[in-house]
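Overview (structure and organization)
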Amino acid sequence: MSSGNAPVAARLEGFGKNLWLEFSALAAQTKAVNLGQGMPDFSPPQFVLDALVEATKTTAGNQYTRSQGHPRLVKALAKMYSILHGREINPMTEVIITLGAYTCLAHVISAFLQPGDEVVLIEPFFDCYVPMAKMAGAKIVYVPLRPQGKSPGTSKDWVLDQQELEAAFSSKTKMIILNTPNNPF
């Protein structure tokens, strides 16, 4: 079996380079601090390391749990968010734990979009949305924020045109991705 140039699936063609791989390489090359990805250059405090060692000394709780999240964790989150949202949240059906925002987004997008569906993206947006939607076979409909005034200086100077947003929707629209700030992590 060759580990060489295996053909890539056609659905991946045209995605190009990953922005974060490029930034990481540039940061390493120039010895810059990479603030974009949370790559600390220091060890955790000793009390965290000690707690990790203690937690691994028992087999209790170190086995696979339900894929949607450990019951104790989802119950604690449901309790907290029930108070914040003013309604009872069912921990077993309304709370899910994922490996991070990126993974969660990929799962949600692939679960709800079919080939030919449309997804509305407000520009600017995080770079992972387009490849995730395209992997699901969706068509992207872009709606840009527009500068308000002659020389926009801050984020408040960029506005979303309500008519432009409404015009982006069609009978094929199945999703709009809203995100603030634009980095989901």
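None of the values given here were measured: they were computed from a predicted structure. (Residues numbered from 1 in each chain as written. Predicted model: local features only at pLDDT ≥ 70, side-chain atom pairs only at ≥ 80, totals over all residues. Heavy atoms only, no water.)

So, about the overall build of the chain. A tally of helices and strands in the chain yields 6 helices and 5 strands. The order of α-helices and β-strands along the chain, N terminus first, is α-α-α-α-β-α-β-β-β-α-β. Computed over C-alpha atoms, the radius of gyration of the chain comes to 21 Å, more than 25% over the 16 Å expected from 2.2 N^0.38 for 185 residues, which places it beyond the range of a compact globule. A principal-axis box enclosing the C-alpha atoms of the chain has dimensions of 60 × 50 × 45 Å. For the chain, long-range pairs separated by at least 24 residues make up 44% of all intrachain contacts whose partners lie at least 6 apart in sequence. Roughly 14200 Å² of accessible area belongs to the chain as shown, and the carbon and sulfur atoms make up 59% of that amount. (Helix = DSSP H or I, 4+ residues; strand = E, 2+ residues; numbered from the N terminus. Rg over C-alpha atoms; globule rule 2.2 N^0.38 Å. Contact = heavy atoms within 4.5 Å. Areas by Shrake-Rupley, 256 points an atom, 1.4 Å probe, with all protein chains shown as cover.)

Attention now goes to the packing of aromatic side chains. Summed over the entire model, instances satisfying the criterion amount to 3 aromatic pairs. On the numbers, 5.9 Å between centres and 25° between planes, the contact of Phe125 with Tyr142 is stacked. With Phe125 in the loop between β1 (118-123) and α5 (129-135) and Tyr142 in strand β2 (residues 139-144), this residue pair connects regions lying 17 residues apart in the sequence. A residue is classified by how much of its surface remains accessible, and Phe125, at 23% relative accessible area, is partly exposed. (Phe/Tyr/Trp six-rings, centres within 6.5 Å; stacked < 30°, edge-to-face > 60°. Buried < 20%, exposed > 50% of the residue type's maximum accessible area, 1.4 Å probe, protein only.)

This part covers unusual backbone geometry. That bond from Glu123 to Pro124 is cis: its omega, 0°, falls within 30 degrees of zero. You will see that Lys31, though not glycine, has its phi angle at about 60°, which is positive. Note that Lys31 resides in the loop between α1 (19-30) and α2 (46-55). Note on Lys31: relative accessible area 75%, which makes it exposed.

Paired through backbone hydrogen bonds, the strands of a sheet run either parallel or antiparallel to each other. With parallel pairing, the 3 strands of this open sheet are ordered in space as β2-β1-β5. With partners counted over all chains shown, the strands left at the sheet margins are β2 and β5 (173-177), one partner each. If you compare each strand with its neighbour and ignore which way they point, the axes differ by 25° on average. In terms of strand pairing, β1 meets β5 through 4 bridges, oriented parallel. (Pairing = 2+ DSSP bridges. Axes fitted to C-alpha atoms, helices over the stretch in contact; angles between N-to-C directions.)

In this section: the pattern of salt bridges. Taken as a whole and assessed by the stated rule, the structure comprises 4 salt bridges. The partner of Lys57 in a salt bridge is Glu54, and the shortest N-O contact between them spans 2.9 Å. Judged by relative accessible area, which is 60%, Lys57 ranks as exposed. In this structure, Arg87 engages Glu94 in a salt bridge whose closest nitrogen and oxygen atoms are separated by 2.9 Å. (Salt bridge = Lys/Arg side-chain N within 4 Å of Asp/Glu carboxyl O.)

The end-to-end C-alpha separation of α1 is 17 Å, in line with the 16 Å expected for 12 residues at 1.5 Å each. After α1 finishes, the residue Lys31 shows a positive phi value of roughly 60°. (Expected span 1.5 Å × (residues − 1).)

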